[in-house]
Structures are given as structure tokens and as C-alpha cells.
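Observations on chain architecture
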Amino acid sequence: MKFAVLAFPGSNCEKDSFYALKDVLEEDVALVSYQAESLDGFDAVVVPGGFSYGDYLRSGALARFAPIIPALKAFAAAGKPVLGICNGFQILTEAGLLPGSLQKNTAGKFICRQQKLVVANAQTPFSSRYQAGQVITLPIAHGDGNYYADEQTLQELEENGQIVFTYQDNPNGSLKDIAGITNQAGNVLGMMPHPERGVEEILGSADGIQLFQSLIDHVEVAAHE
Amino acid sequence: MTVVKIFVNYKESILNPEAETIKKALGRLGYQNIAELKVGKSFELTLADGLTQEQIKCEVNEICDRMLVNYNMENYRYEISETEVI
């Protein structure tokens, strides 16, 4: 299977994502410039973390007008998996691929640490290798990670099982302790924690590996159907 | 020249940690009379001549809709003024 990792001006986790997929998971992966206009030939797309366009205007607000975005929207609309990590999550909400938005942390500071998460839904293309209720550890590193959506949207997220990861000891003020959600179809996941930085014990956690393995399982099963 | 000033603010229902932090810091400086403090963004557009009021409003609303405002958290207002070129 072949992964695309997008790179915008100001992205800074695209190489971490590339490394995790290429060297740890030993999958085929390519960096794709924000100026590209096609995602043909790829099975999954990672929208990585960083500070695209300097976080100017709002986090993720300007990346959504990059030339690659129409192809990303078509890729998602075709039901193929898209994983947005940190700034990638912010970009996906701004692009309308995920509901809600990410505000400044209530703690008034950038938070960078290992964070315990609860797997709220283990029946998604991104979480099938985990158990529901399992507590995992992944690093977080963000200033705008405070998830906000109106009451009705939050209710829909819960009813549809779109909340995939929640925080233990909520670090940033996110409503419903939300750390990661999918779209209604379930093929687009946005999350603030960094699974690509949690793929080896020497990094402090290897719990991110199962997320990528879940995704690989999903694509390989889909290919055989 | 026509100048449009656009003000984007958080909706009333949204807690703004930035505004809260600034308000607390002002309180520590001794300014105890501030009941509420808001932090928003402002944009100033200078437009080409010859546009009707209707065209200006239409374009400004479109710019806000498409880029400057996130309706999930924010709302906006704007003021249109004419400036004389010296």
C-alpha cells in the first residue's frame, strides 16, 4: 500500500510521518507537495502537524486553499482514508472535512508532553488494533488543541461513534475530552496527539504503531473485496 | 478610495482564553474596573474606485464567508468609509 504525506509551507511533522511509515512500518510512502493537484495512486493520505502558513489568520485556515486541497477532498469523498494529525486536524476542520474547530488551549500555554488517551471507538479504520476503553500514551504538542463544536454537533459525534480518542485528564479544555474524531462516513480522522511520534519505545511510546497498522489492515481488506 | 474595516470576534458563547489571560494580567496591574474584555481581529481593505455600495457589500461578505471568518466560533461586522487621496 502507498501512503501520501502532504507537506505545506510550515509543516514540520511530515518527515516524522514519513519516517514512521517508511522505516518503522516499512510501507511505501511519498511526500506530496501542497502544490500538487493529484493524489492518484495513493491508498491513504496523512495531513501532518506543524504550523502551516505560520498559523496566520487561524490554525489551518490558509492551508485549505492550497492547490492540493481539491484532490484531498475528492480522495476523502471517494471513501479513502485520510489521517490529519495536530495541524492536519486543524486543516481538516477548516476545510470542512471534519466538524467543529480547534481553539486556543484553556491553560493559556503550548503543551508538549506524553498524554494518556482512551480509545473510545475501536471499530474504525484507524483504531481496529486497539480495544475499546484501552488506555494508550501518545505525545501531544499544541497551542490550539481545544476542540469546540456546538451542542448538536457534539451529540451527533457521540451518537455516530465519531469520537475515536478522548483525553484522560483533559489538558486543553476540549469539549467531551475529545482528542480525535472521524467524519460521519468514518474514513477521515483528525487527532491532536501525534501517533507518528509514538512508534518506538525510545521515543517514550510505541502505541502509535497500532493506529497505522489498523489503517494498513483496512486498506488491504478493502483491496481484496 | 473606499476603505472597509472588518472586525471579527468570537461569538458570545465562546470562551476566549486569550482575552481571559489579558484581563487577568490587567487586573494584576491594578485595573479592577474591567468587567469584560474581548480580543478579536481587524482587517482593513482599500478597494479600487468605481464599485457600487452593493458590489462592495457583496464582495466583503463573500471574503468573510470564504476566508476571514470561521462561523463555528466567530462573527463579524464591517464599516465602509471613503477617504480622500491627498
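Just so you know, these numbers come straight off a predicted model, no measurement behind them.

Describing the overall build of chain A
A tally of regular secondary structure across chain A gives five helices and 11 strands. On C-alpha atoms alone, chain A measures out to a radius of gyration of 16 Å, which is about the 17 Å that the 2.2 N^0.38 rule sets for 225 residues. Based on the C-alpha atoms only, the size of chain A along its principal axes is roughly 40 × 40 × 35 Å. The buried share of chain A, taken over its 225 residues, is 57%. Excluding contacts between residues fewer than 6 apart, the proportion of contacts in chain A whose partners are at least 24 apart in sequence is 73%. In the structure as shown, chain A presents an accessible area of about 9,000 Å², 47% of it carried by carbon and sulfur atoms.

Things to note about the sheet that holds strand 1 (residues 2–10) of chain B
Residue and element names in this part refer to chain B. Ordered by their spatial adjacency, three strands build an open sheet running 2-1-3, and the pairing between neighbours is antiparallel. The open sheet terminates on both sides in strands that have one partner only, identified here as strand 2 (41–47) and strand 3 (74–82). Across this sheet, the average inter-strand angle for adjacent strands is 20 degrees, counted without regard to direction. Note: strand 1 against strand 2, seven bridges, orientation antiparallel. If you follow F7 over to strand 2, its bridge partner there is S42. Running over the sheet, helix 2 (residues 53–68) touches strand 1, strand 2 and strand 3 and is turned about 150 degrees from strand 3.

Quick word on the sheet that holds strand 9 (residues 163–167) of chain A
All names here are of chain A. Taking strand neighbours across the sheet as the criterion, the nine strands line up as 2-1-3-4-11-10-9-6-7 in an open arrangement whose pairing is mixed. Each edge of the open sheet carries a strand with a single partner, namely strand 2 (28–33) and strand 7 (135–142). Taken over all neighbouring pairs, the strand axes of this sheet differ in orientation by 25 degrees on average, direction set aside. When strand 10 (residues 178–182) meets strand 11 (residues 188–191), the two strands line up antiparallel, connected through three bridges. Paired with T182 across the two strands is L189, which belongs to strand 11. Packing of helix 1 (residues 14–24) onto the sheet brings it into contact with strand 1 (2–7), strand 2, strand 3 (44–47) and strand 4 (82–85), and relative to strand 1 it is tilted by some 170 degrees. Relative to the sheet, helix 2 (residues 69–77) contacts strand 1, strand 3, strand 4 and strand 11, its axis offset from that of strand 3 by approximately 130 degrees.

Details of the confidence of the model for chain B
Detailed reading of the predicted model is not advised wherever pLDDT is low. Per-residue pLDDT for chain B has a mean of 93; in total, 97% of the residues score no lower than 70. With a pTM of 0.95, the predicted complex shows an ipTM of 0.87.

Considerations on a negative patch on the surface
Judged by side-chain charge, D150, E151, E156 and E159 of chain A come together as a negatively charged surface patch. In this structure, E156 of chain A sits in helix 4 (residues 151–159).

Here's the deal with the environment of G198 of chain A
Residue and element names in this part refer to chain A. Turning to its location among the elements, G198 is positioned in the loop between strand 11 and helix 5 (209–224). By relative accessible area, which is 0% here, G198 ends up buried. Distance from G198 to I209, taken between C-alpha atoms, is 7.2 Å for residues 11 residues apart in sequence. What G198 contacts, discounting residues up to four positions off in sequence, is L138, P139, S205, A206, D207, G208 and I209.

Describing the pairing of strand 9 of chain A
All names here are of chain A. Strand 9 sits mainly inside the fold: five of its five residues count as buried. Bridge count between strand 6 (residues 111–119) and strand 9: three bridges; the pairing is antiparallel. Its bridge partner lying in strand 9, V118 is registered against T166. Two strands pair when backbone bridges link them, and strand 9 and strand 10 are joined in this way by three bridges, in the antiparallel orientation. Within strand 10, the residue paired with I163 across the bridge is I181.

Focus: the packing of aromatic side chains
Residue and element names in this part refer to chain B. Taken as a whole, this structure holds six aromatic pairs over all chains when the rule is applied. Ring centres 6.4 Å apart and planes at 65 degrees place the aromatic pair Y71 and Y76 in the edge-to-face group. On the accessibility criterion, Y71 (38% relative accessible area) is partly exposed. The exposure class of Y76 is partly exposed, given its relative accessible area of 22%. Taking the centre distance of 6.4 Å and the plane angle of 15 degrees together, the rings of Y76 and Y78 count as stacked.

A look at the environment of M192 of chain A
Mapped onto the elements of the fold, M192 of chain A is located in the loop between strand 11 and helix 5. C-alpha separation for the pair M192 of chain A and K176 of chain A, spaced 16 residues apart in sequence, amounts to 14 Å.

Rules of the game
- Residues numbered from 1 in each chain as written.
- Chains lettered and ligands numbered in written order.
- Predicted model: local features only at pLDDT ≥ 70, side-chain atom pairs only at ≥ 80, totals over all residues.
- Heavy atoms only, no water.
- Helix = DSSP H or I, 4+ residues; strand = E, 2+ residues; numbered from the N terminus.
- Rg over C-alpha atoms; globule rule 2.2 N^0.38 Å.
- Buried < 20%, exposed > 50% of the residue type's maximum accessible area, 1.4 Å probe, protein only.
- Contact = heavy atoms within 4.5 Å.
- Areas by Shrake-Rupley, 256 points an atom, 1.4 Å probe, with all protein chains shown as cover.
- Pairing = 2+ DSSP bridges.
- Axes fitted to C-alpha atoms, helices over the stretch in contact; angles between N-to-C directions.
- pLDDT = per-residue confidence, 0-100.
- Patch = residues over 30% accessible without salt bridge, like charges linked within 9 Å, V, L, I, M, F, W, Y side chains within 5 Å.
- Salt bridge = Lys/Arg side-chain N within 4 Å of Asp/Glu carboxyl O.
- Lys, Arg positive; Asp, Glu negative; His and termini not counted.
- Charge placed at Lys NZ, Arg CZ, Asp CG, Glu CD.
- Phe/Tyr/Trp six-rings, centres within 6.5 Å; stacked < 30°, edge-to-face > 60°.

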